[in-house]
Amino acid sequence: MAKYVIEGGKKLYGKVNIESAKNAVLPIIAGAVLFEEPVIIEKCPKIDDVLNMIKIIESLGVKTYFRNDDLVIDASCLSSSNILEDLSKKLRSSFFLLGSLLSRNKKATVSYPGGCKIGKRPIDIHIESFKSLGVKIVEGEENIECSLEKLSDKNVILKYPSVGATENLILLLAISNVDVKIYNVAKEPEIEDLANFLNSAGAKIYGVGTDVIRIVGVKKLKGISYKPIFDRIEAGTYMIATAITGGEVEISNVNPKKIQALLNKFYNNTCKIGIKDDIITISSEKRLHGFFVETNPYPYFPTDLQAQIAVLGAVSDGYSKIKENVFESRFEYVKELVKMGANVKIKENLLEIKGKKLLGAEVKATDLRGGAALTLAGLVAEGETVVLDVFHIERGYVNFNGKLKNLGANIERVE
Ligand code: UD1
């Protein structure tokens, strides 16, 4: 299995261009299944999660192909509503297809979803909200069987603003004959992007980015070409990498307003941030001071940058505290970081860190973001770091080692 071999100590300099967001592209692919006309997803990142999602929709009879970097999806020939277990186990986002399949075929069978092992990741909010809208659901040992005769137009209140459940509901209701309000929805920019995608094809989804959205079902959607939003987690990862190693990096194709929570952490510290249009420049000469970060749903600090910023804390000057409020076991990577000499203590969902020099070691990527964080640790550690199981990282980052190498890192991918 592939690994990264890193010789630490190089500062990062140069430019890096940010891709379309994995977490926008995946629900948009599920959204493309609602269309009876072809849809084009421009500059679609060819990362493993996206390639697996493509395999899943192809297994349902949907035709797809890449035209250079653009993904063409033609779901006019959708023939099955049954997502095979081995495919859905690979990818939590396969669960988003439930909404689309029910909308198109009035029935769907999915197995319990896979994805990163970062906590229990239940699906009760999806299930309860679907049931309240009239979907019949039978939860078996392996599979969940769903069917739909008639949607109810009762409003829905989510008990927690789940990103996936909000997206699944949008996909269930976009083409329908009901007009429904959903309260306490998630406000992540990727949800706004899913709504923009569907609205530009004729859907009527209002209020995205606020606590309440209203979906007025339409009869059909017209085929469009759409460029998804930038990946704020990828952008944040390169910003944190630069803060960790020192240097100066220009990060392009970003909307700085969408990563304000991360920028706020840098403004009060020793590094410098410059913003011009869609480019953020970060330069860092000195070690950063310790800081406090607490993850919460958007617009607060994203859980998907928690591990990366913890590594920044591990090499900063003084003490840092990181509180994880979204997932209950998202500190799996910490035991690997300890192998590199990090001085950390876990107290339930709180990580206490005293910054110090890290030393190269052999570590294992435990999940997507944890793996990226360990790679960043390797960039600054003294000596050689080997990051094993980088398939986790490659599920979500385009050419991670190549982009870091372009910035001057001493990193090789070894098969
Ligand atoms: C999405 C993102 C993931 C990110 C997360 C939070 C995608 C493909 N993935 O995941 O990268 O880390 O948002 O920003 O977009 N929960 C329940 N019951 C449910 C659903 C969720 O209790 O039915 C809980 C989860 O266990 C978790 C919290 O709600 O503790 C947040 O989950 P959710 O917002 O649903 O995240 P995902 O959609 O899985």
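Just so you know, the residues in each chain are numbered from 1, in the order the chain's sequence is written. Selection of residues for local features in this predicted model requires a pLDDT of at least 70, selection of side-chain atom pairs for listing and counting requires 80 or more, and totals for whole chains, interfaces and linings are taken over all residues. In computing side-chain properties, one takes all heavy atoms of the structure into account and sets aside hydrogens as well as water.

## Some remarks on the pattern of salt bridges
For clarity, the threshold we go by: We define a salt bridge as a contact between a side-chain nitrogen of Lys or Arg and a carboxyl oxygen of Asp or Glu at a distance within 4 Å. Only DSSP runs of H or I covering at least 4 residues are called helices, and only runs of E covering at least 2 are called strands; the numbering of each starts at the N terminus. Each residue's exposure class comes from its accessible area (1.4 Å probe, protein chains only) as a fraction of the maximum for that residue type: buried when under 20%, exposed when over 50%, partly exposed otherwise.
With the rule as written, the count across this model stands at 22 salt bridges. For Lys46, the salt bridge goes to Asp69, with nearest N and O atoms at 3.6 Å. Placement of the pair is Lys46 in the loop between strand S3 (39–41) and helix H2 (48–59) and Asp69 in the loop between strand S4 (63–67) and strand S5 (70–74), with a sequence separation of 23 residues. With a closest N to O distance of 3.5 Å, Lys258 and Glu192 form a salt bridge. Of this pair, Lys258 sits in the loop between strand S14 (247–252) and helix H9 (260–267) while Glu192 sits in helix H7 (residues 189–200); the two residues are 66 residues apart in sequence, bridging distant segments of the chain. The exposure class of Glu192 is partly exposed, given its relative accessible area of 26%.

## Some thoughts on the packing of aromatic side chains
To describe a pair of aromatic rings, you give the distance between the ring centres and the angle between the ring planes. Heads up, the rule is: Side-chain rings of Phe, Tyr and Trp (the six-membered ring for Trp) are treated as a pair once their centres are within 6.5 Å; stacked means planes under 30 degrees apart, edge-to-face means over 60, and tilted covers the remaining angles. Put simply, a charge is over a ring when the Lys NZ or the Arg CZ is close to the ring centre, within 6 Å, and near the line of the ring normal, within 35 degrees.
Under the criterion given, the structure shown has 4 aromatic pairs. Look at Phe35 and Phe197: their rings are 5.5 Å apart centre to centre, the planes differ by 35°, and that puts the pair in the tilted class. Taken together, the residues span a long stretch of sequence, with Phe35 in the loop between helix H1 (22–32) and S3 and Phe197 in helix H7 at a distance of 162 residues. Taking the relative accessible area as the measure of exposure, Phe35 reaches 0% and is therefore buried. For the ring pair Tyr397 and Phe400, a centre distance of 4.6 Å and an interplane angle of 35° mean the geometry is tilted. Across this residue pair, the class does not change: Tyr397 and Phe400 are buried. One aromatic cluster is present, built from ring pairs that chain together Phe35, Phe197 and Tyr226. The aromatic ring of Phe66 is capped on one face by Lys46, whose charged end is 4.8 Å from the ring centroid. For Lys354, the ring lying beneath its charged end belongs to Tyr319, and the centroid distance is 5.8 Å.

## Quick notes on the sheet that holds strand S12 (residues 212–216)
Which entries qualify depends on this criterion: Two strands are counted as paired when DSSP detects at least two bridges linking them. Whether two residues are in contact is decided by their heavy atoms, any of which lying within 4.5 Å being enough. Geometry is summarised by axes, namely lines fitted to C-alpha atoms with helices restricted to the contacting stretch, and by angles between N-to-C directions that run from 0 to 180 degrees.
With mixed pairing, 4 strands are arranged side by side in an open sheet as S9-S10-S12-S11. The sheet terminates laterally at strand S9 (156–157) and strand S11 (204–206), the two strands that pair on one side only. As paired elements, S11 and S12 share 3 bridges and run antiparallel to each other. Looking at the pairing, Lys204 lines up with Val216 of S12. Sheet strands in contact with helix H6 (residues 163–173) are strand S10 (179–183), S11 and S12, and its direction is about 20° off that of S12.

Just distances and angles here, no functional claims.
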